[in-house]
Amino acid sequence: MPELPEVETVRRGLALRMEGRRLARVEQRRPDLRFPLPPRFRERLEGRRVERLGRRAKYILVHLDGGETLLVHLGMAGRMVLVEPSARVARDPHDHVVFVLEDGTEIRFNDARRFGTMDIVADDRLFDHKLLKELGPEPLGNEFSGPVLEERLAGRRTPLKAALLDQRVVAGLGNIYVSESLFWAGLSPRRLAGTVKGPRAERLAAAIRDVLERAIAAGGSSLRDYVQASGELGYFQHEWAVYGRAGEKCPGCVCTLGIRQIVQSGRSTYYCPARQR
DNA sequence: ACGAGAACCTGTTTGC
DNA sequence: TGCAAACAGGTTCTCG
């Protein structure tokens with residue numbers, strides 16, 4: 001669900017509340033999410049101070065004192081629900097992990113589908129962690145460019161759509177932002193990934209960066225169950241050019257075809273067949 | 001080795 | 001209106 005812009009929005013919201021504070025109490029309300037939580041999960045977190053909140057791809061990195069980091073992935077439907085100390089809001093059955101700060105503020109990890117993940121990792125081996133080590137470049141980082149993207153797509157005989165969902169190619173895109181990026185780059189989601197070279201790769205890298213930056217500026221896309229840590233809604237869904245707009249007129253050209261919806265590797269893809277080649 | 005599809009789990013939307 | 005099927009922002013595993 002949450003893709004890079006939503007995760008970044010949540011990270012920023014949580015940073016305001018969590019950085020510099022201690023995790024006074026941690027409640028683990030079931031043994032597993034997508035995978036089992038690590039042994040002694042609660043004991044290893046209680047009393048630790050949150051130094052800083054970082055992000056890698058769709059993972060939130062809660063850097064703790066004592067040289068360890070809590071890794072959090074929101075999966076498809078995961079949320080971090082902030083509850084003020086004064087607010088007596090009833091627990092939801094899907095609040096699987098609750099972090100209570102020194103001042104009584106609660107951060108509830110809520111994830112009905114349980115596709116989310118958490119782990120505790122030693123800082124000196126953080127990027128060797130199996131969930132992080134294969135990830136491709138950060139699309140908003142300096143290391144991302146047309147030539148880098150071209151190299152990562154080279155030789156791939158899968159549709160471009162599928163390749164961009166592969167977190168080893170570029171890290172952080174999901175189903176919405178792949179469709180949006182391809183629209184702005186003018187590239188067909190059905191094109192063979194390995195054919196994206198030179199100016200096309202440049203356009204695609206630029207489009208990815210631009211769409212993600214605009215989405216973060218809008219606080220992400222709120223749809224069904226996604227909300228910012230603060231509880232506010234993001235509003236980038238109103239700026240979607242193609243996602244969820246099957247049959248509507250293409251916003252970028254005069255064609256009469258309208259936006260088409262197809263299914264690729266089991267997921268919906270939206271695109272303008274006239275503008276995107 | 002690579003790519004397509006199923007699987008994981010629950011809630012919401014769609015269609016008959 | 002009611003019910004069942006289809007679908008949902010992600011990732012990993014299996015199979016060909």
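Just so it is clear, the model here is predicted, and its values are computed rather than measured.

Thresholds, definitions, all that
- Residues numbered from 1 in each chain as written.
- Chains lettered and ligands numbered in written order.
- Predicted model: local features only at pLDDT ≥ 70, side-chain atom pairs only at ≥ 80, totals over all residues.
- Heavy atoms only, no water.
- Buried < 20%, exposed > 50% of the residue type's maximum accessible area, 1.4 Å probe, protein only.
- Helix = DSSP H or I, 4+ residues; strand = E, 2+ residues; numbered from the N terminus.
- Pairing = 2+ DSSP bridges.
- Axes fitted to C-alpha atoms, helices over the stretch in contact; angles between N-to-C directions.
- Contact = heavy atoms within 4.5 Å.
- Core = buried A, V, L, I, M, F, W, Y, C linked by side-chain atoms within 4.5 Å.
- Near = heavy atom within 4 Å.
- Polar contact = N/O pair within 3.5 Å; in protein donor to acceptor, adjacent residues only side chain to side chain.
- Nonpolar A, V, L, I, M, F, W, Y, C, P; charged D, E, K, R; others polar.
- Phe/Tyr/Trp six-rings, centres within 6.5 Å; stacked < 30°, edge-to-face > 60°.
- Lys NZ or Arg CZ within 6 Å of the ring centre and 35° of its normal.
- Domains from an automatic or database assignment.
- Buried area = accessible area lost by both parts, 1.4 Å probe.

1. Considering the pairing of strand β6 (residues 95–101)
Thinking step 1. Of all 7 residues that make up β6, 7 are buried, and the element is covered over most of its length.
Thinking step 2. Summarising the sheet, strand β1 (residues 23–28) and β6 pair through 5 bridges and their orientation is antiparallel. Note that in β6 the partner of Glu27 across the bridge is Val98.
Thinking step 3. In this sheet, strand β7 (residues 106–110) lies alongside β6 in antiparallel orientation, the contact comprising 5 bridges. The partner of Val100 across the bridge, within β7, is Glu106.
Thinking step 4. If you look at the hairpin formed by β6 and β7, you'll find 4 residues sitting between the two strands, and Gly104 has a positive phi there, around 95°.

2. Some words on the sheet that holds β1
Thinking step 1. Spatial ordering of the open sheet is given by β1-β6-β7-β5, a layout of 4 strands whose pairing is antiparallel. Bordering the open sheet on either side are β1 and β5 (79–83), each of which pairs with just one other strand. Going across the sheet, the axis of each strand differs from the next one's by a mean of 20°, ignoring polarity.
Thinking step 2. Taken strand by strand, helix α1 (residues 4–18) contacts β1, β5, β6 and β7, and its axis lies near 35° from that of β5.

3. Section: the nonpolar core
Thinking step 1. Leu149, Leu153, Leu160, Leu164 and Leu204 are the most contacted members of the largest nonpolar core, which has 41 residues in total.
Thinking step 2. Listing elements by their share of this core, those giving two or more residues are α3 (146–153), α4 (160–165), α5 (175–185) and α6 (198–217).
Thinking step 3. Broken down by element, this core gets its largest block of residues, 9 residues, from α6.
Thinking step 4. Discounting chain neighbours no more than four positions away, the residues touching Leu160 are Leu153, Leu182, Leu187, Ser188, Pro189, Arg191, Ala193, Val196 and Leu204.

4. Thoughts on the protein's contact with DNA strand B
Thinking step 1. Taken together, Arg34, His94, Ala112, Arg113, Arg114, Phe115, Arg156, Arg157, Thr158 and Pro159 make up the full set of residues adjacent to DNA strand B.
Thinking step 2. Taking the atoms of DNA strand B that fall within 4 Å of the protein, sugar and phosphate contribute 66% of them.
Thinking step 3. The backbone of Arg157 places a nitrogen or oxygen atom 3.1 Å from a phosphate oxygen of DNA strand B.
Thinking step 4. Looking at the surface near DNA strand B residue by residue, the classes come out as 3 nonpolar, 2 polar and 5 charged.

5. Concerning the packing of aromatic side chains
Thinking step 1. Counting across every chain of the model gives 4 aromatic pairs.
Thinking step 2. Ring centres 5.0 Å apart and planes at 65° place the aromatic pair Tyr243 and Tyr270 in the edge-to-face group. Taken together, the residues Tyr243 in the loop between α6 and β9 (260–264) and Tyr270 in strand β10 (residues 267–271) connect sequence positions 27 residues apart.
Thinking step 3. Accessibility expressed as a relative area gives 17% for Tyr243, which makes it buried.
Thinking step 4. Taking the relative accessible area as the measure of exposure, Tyr270 reaches 10% and is therefore buried.
Thinking step 5. One aromatic cluster is present, built from ring pairs that chain together Trp240, Tyr243 and Tyr270.
Thinking step 6. A cation over an aromatic ring shows up here: Arg275 above the ring of Phe183, its NZ or CZ 4.6 Å from the ring centre.

6. With respect to the domain arrangement of chain A
Thinking step 1. Under the domain assignment, chain A is made up of domain 1 (4–128) and domain 2 (146–271).
Thinking step 2. If you average the C-alpha positions of domain 1 and of domain 2, the two centres end up 28 Å apart.
Thinking step 3. Listed by partner, the interface residues are 17 residues for domain 1 and 18 residues for domain 2.
Thinking step 4. Buried area between domain 1 and domain 2, both sides added, is near 1400 Å², and the carbon and sulfur share of it is 66%.

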